[in-house]
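Notes for the structure review
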Amino acid sequence: MALSKEELKKAIEEKALTSPKPQLYIKDFYACDPDTKPRDMKNVANEMVREGKLMFWSSGSTTMYAIPSRIKNEEGAGGIGNVE
Amino acid sequence: MAKRETPLLDQLESGPWPSFVTDIKRQAETKPECWDILGILELSYKERITHWKHGGIVGVFGYGGGIVGRYADVPELFPGVEHFHTVRVAQPASKYYTSANLRQLMALWEKYGSGMTNFHGSTGDIILLGTRTENLEPFFWDLTHDMGQDLGGSGSNLRTPANCIGESRCEWSCYDTEDVCHSLTLHYQDEIHRPAFPYKFKFKFSGCPNDCVASIARSDISVIGTWRDAIRIDQAAVKEYVAGNYPANGGAHSGRNWGKFDINKEVIDLCPTECMWMEGAELKIDEKECTRCMHCINVMPRALRPGLDKGASICVGAKAPILDGAQFATLIVPFIKVSKDNDFEELIEFIEKVWDWWMEVGKNRERVGETMQRVGLPTFLSVMGIEPIPQHVKEPRSNPYIFWREEEVEGGFARDIDEFRAKHKA
């Protein structure tokens with residue numbers, strides 16, 4: 001049975017905090033709950049970005065997700081999760 | 001910011017072609033940070049290595065695309081390009097602009113950015129080159145609130161859909177490419193602005209097989225206009241072409257003397273399926289052999305026109321060379337009707353079926369064409385619920401291995417091997 005949204009957010013956060021690399025592909029989160037459809041997983045991950053729990057990292061061609069405190073911000077602080 | 005000495009770049013101005021170096025120098029007169037763009041490039045030419053870092057975490061709030069973070073790794077040498085982010089602005093369908101809109105956009109970019117642009121990027125977006133992080137939100141506010149324009153796609157998002165000029169100016173368009181492009185852009189706002197996929201995803205819409213947006217080479221889903229019935233022939237106009245009274249190709253090649261128009265040499269002999277011939281003064285076409293290449297129609301536009309039963313073919317899986325080299329899209333659906341009447345329901349259903357499969361099966365940074373190549377076309381067709389047809393076969397007999405499913409074999413796989421061997425020695 002699929003996890004509830006809050007359980008899923010917790011699992012995603014845990015995964016993003018403990019993975020060896022700070023940046024994760026959306027597919028890396030699929031393992032958090034194999035019963036959650038990819039599109040629902042994307043919606044939850046994007047909601048977490050809006051809440052400031054995750055942030056986007058983009059090379060321009062690929063976008064990844066990361067916990068704000070784990071990723072180096074080129075400008076020292078801030079980034080899209082912290083923009084007013 | 002001081003003027004930079006750029007002896008290597010200066011050489012690029014000496015050739016016969018317009019030079020971006022000259023353009024940037026001119027822009028540097030009002031935007032001094034542009035000297036640092038030339039400076040950092042000169043340094044890269046000298047050291048033969050880039051001085052841009054890879055990616056970053058900039059963006060505007062709520063969007064996971066449209067801004068590409070660019071930072072210099074030698075900011076102490078070139079402070080003007082410490083941040084030099086790229087902004088992708090979605091282009092209007094068919095890239096029609098009013099001059100007032102362009103002036104407003106340029107004024108906005110002079111205010112918040114370097115003033116440097118790239119019209120257009122390969123996806124089709126308006127590319128605005130070079131701004132600082134603190135300018136992104138104010139720029140985005142003015143773009144969306146004052147101009148009613150939006151950012152385009154980047155990263156693992158649906159990229160800004162693109163289309164040819166379609167029915168707005170082209171008599172050959174077999175469906176309203178602008179309407180589909182605009183409607184699907186609105187329909188898929190979430191996918192354009194928030195990353196959803198293993199990698200980038202593009203769709204492009206061409207009104208006829210001339211494919212003026214090169215969708216077959218550049219998009220993951222390529223929708224190309226076509227027709228099911230016969231090419232319409234005006235035999236009187238054919239005679240005028242043969243007599244030399246109408247210019248071939250609408251006069252497009254009239255700058256040189258190519259000699260008298262020869263319908264055999266210029267049309268019939270060049271037909272890739274050899275489906276045309278003359279019977280007396282009449283041009284005949286074996287419709288079932290016609291592959292809709294458009295060559296004859298392009299050469300004799302007053303005599304030949306696409307048929308009336310119009311729709312589109314859908315091809316899937318093109319990409320530019322990053323991993324396995326460039327590949328064209330593969331024909332998957334030979335014909336569908338593209339109609340606003342049902343809100344492009346058939347097309348949307350197809351797109352989402354591809355997405356649902358690719359989001360599940362595609363590897364990270366794998367375009368849908370690469371996933372198809374990895375699993376094989378038969379598997380892809382079976383997942384999509386599409387019956388194989390001869391047009392799906394690239395070349396007959398190039399692959400001796402045909403895999404049958406048990407339900408496709410009479411008697412299944414449980415037949416008596418001894419009985420079989422009695423007639424067929426091993």
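Look a little higher up for the structure.
A few points on the structure. None of these values were measured; they are calculated from a predicted model.

Description of the overall build of chain A
Each helix and strand in chain A was counted, giving two helices and two strands. Start at the N end of chain A and walk to the C end: the helices and strands fall as α-α-β-β. For chain A, the residues scored as buried account for 40% of the 84 residues in total. In chain A, once contacts between residues fewer than 6 apart in sequence are set aside, the share between residues at least 24 apart is 53%.

As for the packing of helix α1 (residues 5-18) of chain A against helix α2 (residues 38-50) of chain A
Residue and element names in this part refer to chain A. Contact geometry of α1 with α2 gives a least axis separation of 10 Å together with a crossing angle of 75°. On the basis of the axis angle, α1 is roughly perpendicular to α2. Between α1 and α2, the contacting residues are Lys5, Leu8, Lys9 and Ile12 on the first element and Val44, Ala45 and Met48 on the second. Its residues placed into classes, the contact of α1 with α2 shows five nonpolar, no polar and two charged.

So, helix α5 (residues 133-145) of chain B
Residue and element names in this part refer to chain B. Taking 1.5 Å of rise per residue, 13 residues should cover 18 Å, and α5 covers 19 Å from first to last C-alpha, within 8% of that figure. Listing the buried residues of α5 in full gives Thr133, Leu136, Phe139, Phe140 and Leu143. One side of α5 holds all its buried residues, which, seen down the axis, span an arc of 105°. Residues of α5 that are exposed and angled more than 90 degrees away from the buried face: Glu134, Pro138, Trp141 and His145. Residues of α5 that are buried make contact with β1 (67-68), β2 (86-89), α4 (99-112) and β4 (126-131).

Notes on the interface of chain B and chain A
In this assembly, 30 residues from chain B lie in contact with 25 residues from chain A. Broken down by secondary-structure element, the contributors of at least two residues to the side of chain B that touches chain A are α5 and α12 (345-361) of chain B. A per-class count over the side of chain B that touches chain A returns 11 nonpolar, 14 polar and five charged.

So, unusual backbone geometry
All names here are of chain B. Of note, the bond from Phe119 into His120 is cis; its omega dihedral lies within 30 degrees of zero at -10°. Position of His120 relative to the elements: it lies in the loop between β3 (113-119) and β4. The phi dihedral of Asn249 falls on the positive side, at around 55°, and the residue is not glycine. Considering the arrangement of structural elements, one finds Asn249 in the loop between α9 (235-242) and α10 (263-266). Even without glycine at this site, Met294 takes up a positive phi of about 80°. Here Met294 lies in the loop between β10 (282-285) and α11 (295-299).

With respect to the packing of α12 of chain B against helix α13 (residues 368-375) of chain B
Residue and element names in this part refer to chain B. Packing of α12 against α13 leaves a shortest axis separation of 10 Å and a crossing angle of 70°. Put simply, α12 runs roughly perpendicular to α13. Across from Val354, Trp358 and Val361 in α12, the residues of α13 making contact are Val368, Thr371 and Val375.

Rules and cut-offs
Positions within a chain are numbered from 1, following the residues in the order the chain's sequence is written. To read the labels, note that chains go from A and ligands from 1, taken in the order they are written. For a predicted model such as this one, the threshold for reporting local features is a pLDDT of at least 70, and the threshold for listing and counting side-chain atom pairs is 80 or more; totals across whole chains, interfaces and linings nevertheless cover every residue. Secondary structure is summarised from DSSP: a helix means a run of H or I of at least four residues, a strand means a run of E of at least two, and numbering begins at the N terminus for each. Three exposure classes are used, all based on how many other C-beta atoms lie within 10 Å of a residue's own C-beta (placed from the backbone): buried at 20 or more, exposed at 12 or fewer, and partly exposed between those limits. By the criterion used throughout, residues are in contact when their C-beta atoms, derived from the backbone, lie within 7 Å. Interaxial angles span 0 to 180 degrees and are taken between N-to-C directions of axes, which are lines fitted to C-alpha atoms, for helices over the stretch in contact. Here the word oblique covers every angle except those under 35 degrees (roughly parallel), over 145 (roughly antiparallel) and from 65 to 115 (roughly perpendicular). Amino acids are sorted into nonpolar (Ala, Val, Leu, Ile, Met, Phe, Trp, Tyr, Cys and Pro), charged (Asp, Glu, Lys and Arg) and polar (every other residue, Gly among them). One less than the number of residues in a helix, times 1.5 Å, gives the span that helix is expected to have. By construction, the arc corresponds to the directions joining the helix axis to the C-beta atoms.

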